[in-house]
Amino acid sequence: MSVLWTIFVVQSILLALNSNLGGAENATAVFDEDGNLVVGLVIVHEREQQNVPALASRAIRSFLSQTKGVSVFDYYIAYNRDHVIFNDNLELCSAVQKGATFLLDFTWTDTNRIMAAADNFNIPYVHADASPQTFLKVMETYLRARGANDVVYIFDSPENADMAIYFLITESQLRTIIFDRLSDNAIERIKSVRPYPSFFAIIANTSQMGVLFGRALQGGLVTKPDKWNLIFMDVETERFEYHETFPAMSRLLMEKSTCCMLMNMEDGCTCPVEFKPWEAHLENVVQKVLQQALRDQLPLVTQEDCSVVGSSATAEISGLLRDLRSDERFWMPDGSRMLRYNLNVSIWSSTEEDEAEAIRVGSIAKGVVVPSEGNRIKATKRYFRVGTTESIPWAYRRRDPQTGEIILDEAGQPIWEGYCIDFLQQLSKVMSFDYDLVWPKKGTFGMRDKAGNWDGLIGDLVVGEIDFAMASMKMTAEREEVVDFVAPYFEQTGILIVMRNPVRETSLFKFMTVLRLEVWLSILLAIVATAVMLWLLDKFSPYSAKNNKQAYPYECRDFTLKESFWFALTSFTPQGGGEAPKALSGRTLVAAYWLFVVLMLATFTANLAAFLTVERMQTPVQSLEQLSRQSRIKYTVVKNSDTHDYFKNMKNAEDVLYQMWRNLTLSSGNDQAQYRVWDYPIKEQYINILSAIESAKPVDSAEAGFKRVNERLEADFAFVHDSAEIKYEISRNCNLTEVGEVFAEQPYAIAVQQGSHLQDELSFYILELQKERYFESLTAKFWNNSVRGVCPNTDDSEGITLESLGGVFIATLVGLALAMVTLAGEVLYYRRKDRQTKLVQVEPAAETPNNKSKKEKQQSLNFKNMLNLDPKNNLNKVADKKIPKEITIGSKFVPASEKQQKISYISVFPRNPIH
C-alpha cells in the first residue's frame, strides 16, 4: 500500500507543478478580525444521508468548544450522481467563491468526480465512510478468509441495501446478491438462485437480526448453519436467541472496546444504547481535519471562476493521511481511498473438533483476521447442487418397508441411498465440498422435444439448475451436444433380459403323473381280469392241482379268488408272484400276464426317467434373437427409457436400410441381376421386437417391470432393461434369472455443464479413486450375490428331491398302517370267537345208529386227510407214516389227554377194496 500511496503523492505533485498557477485567486491562510483562523469545510454526502449535516455541525461545535483560535464555515452538498462533471455544481462553486479549506466526501463509494473537482480547485480532499458500509467490508474480509466465492447479503432496510450496492460495485470481489429484509417472495427468490449461493450473510442490529434469521429459518433457508454469517452492528448481542441453537454459524460481534475507542473514552466505558460507529467516525474525521487545518495553518481557497482548473492539493493532505493511518480509530484498506472506522470484532463459531459449542475463534481489527490461539478460522467448503434421479441401485429414496412411503429426515427432505450417493459422499470428502441433492421436476435423465428443449437432468444442466449430475447416466452423442461428460466411473453396462424362474408343480405323487389316468385304470383292470381268469382256470381246468390230486400228490398252491389277486399284484414286484398254476391254460395266462408286467414296468421306468430329465432341461430363451422369434413369451421395456430408445433407433435403422436396398434394386439404372436375391438380406428383428414391446405395453418404471416378471409364475414374460439394474435385482430376488448376454454396452459417467471447470477436476479424482480400487469395493457392496445363498435350491442335478417321490414313502406308510389295522382286526376277531366258544356249552345228544354212522364216517375222513392217504395206495405205505401219539377228531384241536371220553380204537377203511 505504501508504494501505491507514494505513486499517488508523486503524481499529485507533478499535477500541481504543471497546473495553471493562476487557477486559485487566493490560496493563503485567512484570519478573521479576532485573529481566528478561518476554515471552510465543504461536506459532500448522499441525498439519503440526511443526518450528515446535523452530525457534522455537532462535531464542529464540539471542536470549537474545546479549541480556540479557529473559525469554521461549513457548506453541505447533497451529491447528485446524474451530474457527469462535479465542477459545475452550483453549491460547490458557491462554497469555493466564499472560500474552502477542506472537501470532505462522505458519499458511499470512491468517485473520481468529486476528487477531480477538489484537485481542480486546489482543495485538500478526504473521503470517509459515514455509513454501515464498513461492517460490510469487515464481513467480506472474513468471508474471503474462509475462501468464499459468492454470498447472499441480507440487510435490515432498503437504505442499507442501497448503500451496499455502491460498495460491492467498486470493491467487492465476491459474486453477490442483495436482499433488503426477508419477505416470502424474497425467500422464494433466494431458493431459485442458480448457481445456489455458498454463503449467506446478515448485517443488522440485534433486534432486527433475530427477526431476519427467524424468517430465514422458517422459510427453510437454514439447511446448513455453517454457511450462515451474522455481523451485529451494536453491542447488545446477548439478546440474540439463536446463539446456542446453531453453534456452527459464524457470528461477528462488535466488542465494547470499539465503542470506547471511537468515542475517545477509556476502556471499560459504558456504550450508549443507540451507539452507531459511523456517526462517531464522522465526528472524529471532522475534528481531525480541523486539527490539521489549525496546526498547519492551511489556506482558505477562493476562486471566482469555477471553470478555471487549478493545481492539486495533495501535498497539503499527505501529512494528514499519515496521521490518520497511525490513528487506531481509522482504517484505510489496501487499494481504497476511503477512510473507514476501525472495528474490533470477535468471531464466534464452532470448531471442526467440536461442532456442538460456539467459542471465540478469532478477531478482526483494521481488516485483519487474526485466529485465536489454538484455533483457526474454519475454511469453507465449496457448495454444489448435484442432480440425481431414482434408479435402483444407483440412487433411490429410502422407503418404509411396510407401507412403501418415502422416509424424510429432520429437515423434511428425502433420504437418498445407492451407489451414486456413496460415490458422491466420497467425492465430497476428497474434493472438500458440500452439496444438496436435487431431482428434476420434469422427466428423469433427459429427453429432447421437437423444439430442441431438454427436460430431466440434462435440462437442469443446460439451464444451470444444477452444477453436475450424479446418476446412472449413459454417455451418448446426443447428450454431449449440450453437456460435457467426465471420465466414466462404472464399467461398461448395457441391456439384458430378465425372466422368472418357472414354478415347478411340486407333488408328493409326482411319479403318478408319468402315466395318464386312463393308463392307470387300464392297468388296474388288467390286474382284476387276470386274477379272475386265473381263479376260473384253476377251478375248472381238469389238469389243475386242485382237480388233479393224483398228478400232484404233494401240497400245491390253491388259486382261490383271493390267492389269484395276490398273485396278480405280486407279479409286478421283483420278488415275483410265487408258485405258478399247474394247468397249461393257467400257465399260458400267466406268461402273457408276465409279458404285460415286464413291458409296463419298462415303460414306466423309462417315462419316469425321461419325465424328470426333461423337467430339469426346461430353460427359457437364451438370446434376444430367440426372444424375437417366438410368441409365447411376452416382453416389454420402461417407457421412454434408454432401452426403449435403443429399440426405436434400431427399428428406424432397419427401415432406412430397407428403403435403401429397395431403391437400389428397383432403380432402372442398375443391373438388377446382381441384386436379385431370394431372401431379404436385412433381418426385420428389431421391427418385430418393437412391435411386440408396444403390444405388451411399456411400463412406467423398472419396479413395475420387475413386478410383472415376478407375477408370471409360468415364466412367460420377460423384461428388457439396464444390465446393472437387472443384476442387482437378481442378486436380491431368488425368483429372477438373467437370460442371454449383455448387448448395446455403454459407460456411465458424471455430466457437467458445458465448459465447466469441474470437468477436469472430477476426472482427476475419479482416476485417483480407480487407482485406490474404490469402485471395486463399492460394486461389491451393491452387487453382493451372498444374498442368494438363502435361496432354495431348485436344481435337480444333485438328485431327485423328496417332494417328487414322497408319495412312494407315503404309500409304504399307508400299507404299514393298513397291516397294523388288519393285525388288530385279526386279534380282536380271534379273541371274540374264542370267548364265544368257551361260553356256549352244548350237551352231547343220544347217539342213534344214523348219527353214529355219520360220525364214524367223518372221523375216518378226517383221519385220512390227516395221514394224507390215497385209496389207490397200498396199506404198506401207511406203516411208513408216523402217527401222532395224541389225536383228537373234531372241529377244534384238543389234546387226547384232555378228552373226557377216551377213544378205544379207530377203524380205517379204504375207499376201494384192496385186491
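Just so it is clear, the model here is predicted, and its values are computed rather than measured.

Scoring rules and cut-offs
- Residues numbered from 1 in each chain as written.
- Predicted model: local features only at pLDDT ≥ 70, side-chain atom pairs only at ≥ 80, totals over all residues.
- Heavy atoms only, no water.
- UniProt positions renumbered as here; feature names shortened; annotations may be inferred.
- Helix = DSSP H or I, 4+ residues; strand = E, 2+ residues; numbered from the N terminus.
- Contact = heavy atoms within 4.5 Å.
- Buried < 20%, exposed > 50% of the residue type's maximum accessible area, 1.4 Å probe, protein only.
- Polar contact = N/O pair within 3.5 Å; in protein donor to acceptor, adjacent residues only side chain to side chain.
- Pairing = 2+ DSSP bridges.
- Salt bridge = Lys/Arg side-chain N within 4 Å of Asp/Glu carboxyl O.
- Phe/Tyr/Trp six-rings, centres within 6.5 Å; stacked < 30°, edge-to-face > 60°.
- Lys NZ or Arg CZ within 6 Å of the ring centre and 35° of its normal.
- Core = buried A, V, L, I, M, F, W, Y, C linked by side-chain atoms within 4.5 Å.
- Axes fitted to C-alpha atoms, helices over the stretch in contact; angles between N-to-C directions.
- Parallel < 35°, antiparallel > 145°, perpendicular 65-115°, else oblique.
- Left-handed = near helix turned anticlockwise from the far one by under 90°.
- Nonpolar A, V, L, I, M, F, W, Y, C, P; charged D, E, K, R; others polar.
- Disulfide = S-S within 2.5 Å.

A. Summary view of the UniProt feature "binding site: L-glutamate" (unreviewed entry) in the protein chain. UniProt's feature table lists "binding site: L-glutamate" (unreviewed entry) at Arg479, Thr643 and Asp722, given in the numbering used throughout. Relative to the helices and strands, Thr643 resides in helix H18 (residues 642-666). When sequence neighbours within four positions are dropped, the list of residues in contact with Thr643 reads Ile495, Val637, Val720, His721 and Asp722. Residue Asp722 is classed as buried on the basis of its relative accessible area, which comes to 4%. Excluding anything up to four places from it in sequence, Asp722 contacts Trp394, Lys474, Thr493, Gly494, Thr643 and Tyr748. Engagement of the side chain of Asp722 in a polar contact is seen with the backbone nitrogen of Glu725, the distance being 3.1 Å.

B. Structural view of the pairing of strand E23 (residues 490-500). Burial within E23 is extensive, with nine of its 11 residues counted as buried. For E23 and strand E26 (residues 736-748), the ladder comprises seven bridges, and the chain directions are antiparallel. The partner of Arg500 across the bridge, within E26, is Leu736. Judged from the five bridges that link them, E23 and strand E25 (residues 717-722) form a sheet pairing that is antiparallel. Residue Val498 lies in a different strand from E25, and its bridge partner there is Phe719.

C. The arrangement of the pattern of salt bridges in detail. Per the counting criterion, the structure on display carries 30 salt bridges. The partner of Arg175 in a salt bridge is Asp150, and the shortest N-O contact between them spans 3.3 Å. Of this pair, Arg175 sits in strand E7 (residues 175-180) while Asp150 sits in strand E6 (residues 150-155), and the two are 25 residues apart along the sequence. Each of the salt bridges in this network shares a partner with another, and the network as a whole consists of Asp129, Lys137, Glu171 and Arg340.

D. Structural detail: the sheet that holds strand E4 (residues 102-105). Overall, mixed pairing links the six strands, which are arranged E3-E2-E4-E5-E13-E12 in an open sheet. Looking at the sheet topology across the chains shown, the edges are occupied by strand E3 (70-79) and strand E12 (330-331). Strand direction decides the pairing type here: strand E5 (residues 125-128) and strand E13 (residues 338-341), joined by two bridges, are parallel. Across the sheet, the residue bridging to His127 is Met338, located in E13.

E. Highlighting the packing of aromatic side chains. Enumeration according to the criterion identifies 46 aromatic pairs in this entry. Consider the rings of Phe232 and Phe240, whose centres lie 5.3 Å apart with planes at 75°: the pair is edge-to-face. Comparing Phe232 with Phe240, the two get one shared label, buried. Summarising the aromatic geometry, the rings of Tyr728 and Trp783 are spaced 6.3 Å apart at their centres and angled 75° between planes, so their arrangement reads as edge-to-face. Residue Tyr728 is found in helix H21 (residues 723-730), and its partner Trp783 is found in the loop between helix H23 (774-782) and helix H24 (802-839); the two are separated by 55 residues along the sequence. Across the pair, Trp783 and Tyr728 agree in class, each one buried. Site record: aromatic cluster; members linked through ring pairs are Trp394, Tyr419, Phe423, Tyr489, Phe490, Tyr728, Tyr748, Tyr774, Phe775, Phe782 and Trp783. The ring of Phe199 is capped by Lys227, whose NZ or CZ atom sits 5.4 Å from the centre of that ring. Positioned above the aromatic ring of Trp439, the side-chain terminus of Arg397 is 5.8 Å from the ring centre.

F. Summary view of the nonpolar core. By size, the foremost hydrophobic cluster in this structure holds 41 residues, and its most contacted members are Phe135, Tyr153 and Leu252. If you tally residues by element for this core, the top one is helix H5 (residues 133-145), at six residues. When residues no more than four places from it in sequence are discounted, the contact partners of Leu252 are Val138, Met139, Tyr142, Leu230, Ile231, Phe232, Val345, Ser346, Ile347 and Ile364.

G. Highlighting the packing of helix H14 (residues 517-540) against helix H15 (residues 561-570). It is at 8 Å that the axes of H14 and H15 come closest, and there the two elements cross at 135°. When the axes of H14 and H15 are compared, the pair comes out oblique. Crossing of H14 against H15: the hand is right-handed. Between H14, through Ile527, Val528, Ala531, Val532, Leu534 and Trp535, and H15, the contact on the second element is made entirely by Leu561, Ser564, Phe565, Phe567, Ala568 and Leu569. Per-class residue counts for the contact of H14 with H15 are 11 nonpolar, one polar and no charged.

H. Local environment of the UniProt feature "transmembrane region" (unreviewed entry) in the protein chain. Residues given the UniProt feature "transmembrane region" (unreviewed entry) here are residues 519-537, 591-614 and 805-829. The straight-line gap between the two end C-alpha atoms of residues 519-537 is 26 Å; of that span, 100% is helix and 0% is strand.

I. Focus on the state of the cysteines. Evaluated as defined, the whole model comprises two disulfides. The partner cysteine of Cys259 in its disulfide is Cys271, sulfur to sulfur 2.3 Å. One end of the pair, Cys259, is in helix H9 (residues 256-262); the other, Cys271, is in the loop between H9 and helix H10 (277-296), and 12 residues separate them in sequence. Judged by relative accessible area, Cys271 falls into the buried class, the value being 15%.

J. Geometry of the sheet that holds strand E20 (residues 433-438). Spatial ordering of the open sheet is given by E20-E17-E21-E27-E22, a layout of five strands whose pairing is mixed. Of all strands in the sheet, those bounded by a partner on one side alone are E20 and strand E22 (483-485). Inspection of the sheet shows strand E17 (residues 382-387) paired to E20 by six bridges, in the parallel sense. Each residue of the ladder has a partner; that of Arg382, found in E20, is Phe433. Along the sheet, helix H12 (residues 419-431) contacts E17, E20 and strand E21 (468-469); its crossing angle with E20, the most-contacted strand, is approximately 155°.

K. Main features of the packing of helix H2 (residues 52-66) against H10. Where H2 meets H10, the axes come as close as 9 Å, and the angle between the chain directions of the two elements is 50°. By the angle between their directions, the pair H2 and H10 is classed as oblique. Crossing handedness for the pair H2 and H10: right-handed. Of H10, the residues touching H2 (which contributes Val52, Leu55, Ala56, Arg58, Ala59, Ile60, Ser62 and Phe63) are Glu279, Leu282, Glu283, Val286, Gln287, Leu290 and Gln291. Looking at side-chain class alone, the contact of H2 with H10 contains nine nonpolar, three polar and three charged residues.

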